[in-house]
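Spelled out, the chains give:
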Amino acid sequence: MIKIKKSNNKGAEIPTGSMSDIAFLLLLFFLVSTVIDVDTGLGIALPPYQEDVSNVAPISKERMAAILVNENGDVLLNKKVIAIPQISENLVERIREKINLPGNKKLVVSIKVDRKTNYNLYIQTLDQVKAAYHQVREEYAHSVLGLKDFNHQEIDNLDPETKKKIKDAVPLNISIAEPEKL
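A quick note: this is a predicted structure, and the numbers were derived from the prediction, not measured.

Peer 1: Sorry, what's going on with the sheet that holds strand β4 (residues 108–113) here?
Peer 2: Across a sheet, strands are paired by hydrogen bonds formed along the backbone, either parallel or antiparallel in direction. Read from one edge to the other, the open sheet built from 5 strands follows the order β3-β2-β1-β4-β5, with strand pairing classed as mixed. The sheet terminates laterally at β3 (80–82) and β5 (174–176), the two strands that pair on one side only. Taking the axes of each pair of neighbouring strands and ignoring which way they run, one obtains an average angle of 25° across the sheet. As judged from the 3 bridges shared by strand β2 (residues 75–77) and β3, these two strands associate in the antiparallel manner. Within β3, the position partnered with Val75 by the bridge is Ile82. Packing against the sheet, helix α2 (residues 87–97) makes contact with β1 (64–69), β2, β3 and β4, and its axis sits at approximately 170° to β1. Strands β1, β4 and β5 of the sheet are contacted by helix α3 (residues 119–143), whose axis makes an angle of about 170° with β4.

This is the structure:
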């Protein structure tokens, strides 16, 4: 009599030895291919750090335009209450007056906000100041340099000499003062 052995094979099995490798590769793929949205902040070029500030000359009041913004969004421009949208139109004439002055006689706009001021109000204030400078730069490029189709966004497309003339005539002098401690 022949004995037939029973097979203990219970069916096909899926090998799980490489499952952790596959999971790791999928995780790595999604980590590398995912784009994380990061706030870039403000594009402000800061002056180089100076240890010795004893030789810094004070700025005369004629060259200074002081903007103060409190936590409620009230704006003072040279101790005069105005609304944020009026900042640009109030600064344009002062910037125009200083175009033909030589050297360091240009207007400096100082922006100071309260620590509790809404960040959006601060950005709106900064945008209004920049808009005033850009408007005067465009006027200068049209009238003095004869660039009829010039727009302030195209300043990087100009040749270096013309770009330098515009930036020297109407420099973007903005001082951002640190808020006072509470």
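Peer 1: Could you clarify how one ought to interpret empty space enclosed by the protein in this entry?
Peer 2: The gaps of empty space that remain are located by a probe, the size of a water molecule, rolled over the atoms. Here the structure, examined in full by the defined rule, presents 1 cavity of 30 Å³ or more. When its volume is computed, the largest cavity comes out at roughly 40 Å³. As for the largest cavity, its lining consists of Ile95, Lys98, Ile99, Lys106, Leu107, Tyr133, Ala169, Val170 and Pro171. Its residues placed into classes, the lining of the largest cavity shows 7 nonpolar, no polar and 2 charged.

Peer 1: Help me understand the packing of aromatic side chains, please; the structure alone is not making it clear to me.
Peer 2: The relation between two aromatic rings is expressed through the spacing of the ring centres and the mutual angle of the planes. All chains considered together, the criterion is met by 2 aromatic pairs. With a centroid separation of 5.2 Å and 70° between ring planes, the pair formed by Phe29 and Phe30 is classed as edge-to-face. Take Phe30: its relative accessible area is 49%, and that puts it in the partly exposed class. An angle of 40° between the planes, with centres 5.9 Å apart, marks the rings of Tyr119 and Tyr122 as tilted. Residue Tyr119 and its partner Tyr122 are located together in helix α3, separated by 3 residues, close to a single helical turn. By relative accessible area, Tyr119 is classed as exposed at 52%.

Criteria and cut-off values
Residues numbered from 1 in each chain as written. Predicted model: local features only at pLDDT ≥ 70, side-chain atom pairs only at ≥ 80, totals over all residues. Heavy atoms only, no water. Pairing = 2+ DSSP bridges. Helix = DSSP H or I, 4+ residues; strand = E, 2+ residues; numbered from the N terminus. Axes fitted to C-alpha atoms, helices over the stretch in contact; angles between N-to-C directions. Contact = heavy atoms within 4.5 Å. 1 Å grid on protein atoms, 1.4 Å probe; cavity = no way out; pocket = protein on both sides within 12 Å on 5 of 7 lines; lining within 4 Å. Points joined across faces, edges and corners; volume = space filled by probe spheres on them. Nonpolar A, V, L, I, M, F, W, Y, C, P; charged D, E, K, R; others polar. Phe/Tyr/Trp six-rings, centres within 6.5 Å; stacked < 30°, edge-to-face > 60°. Buried < 20%, exposed > 50% of the residue type's maximum accessible area, 1.4 Å probe, protein only.

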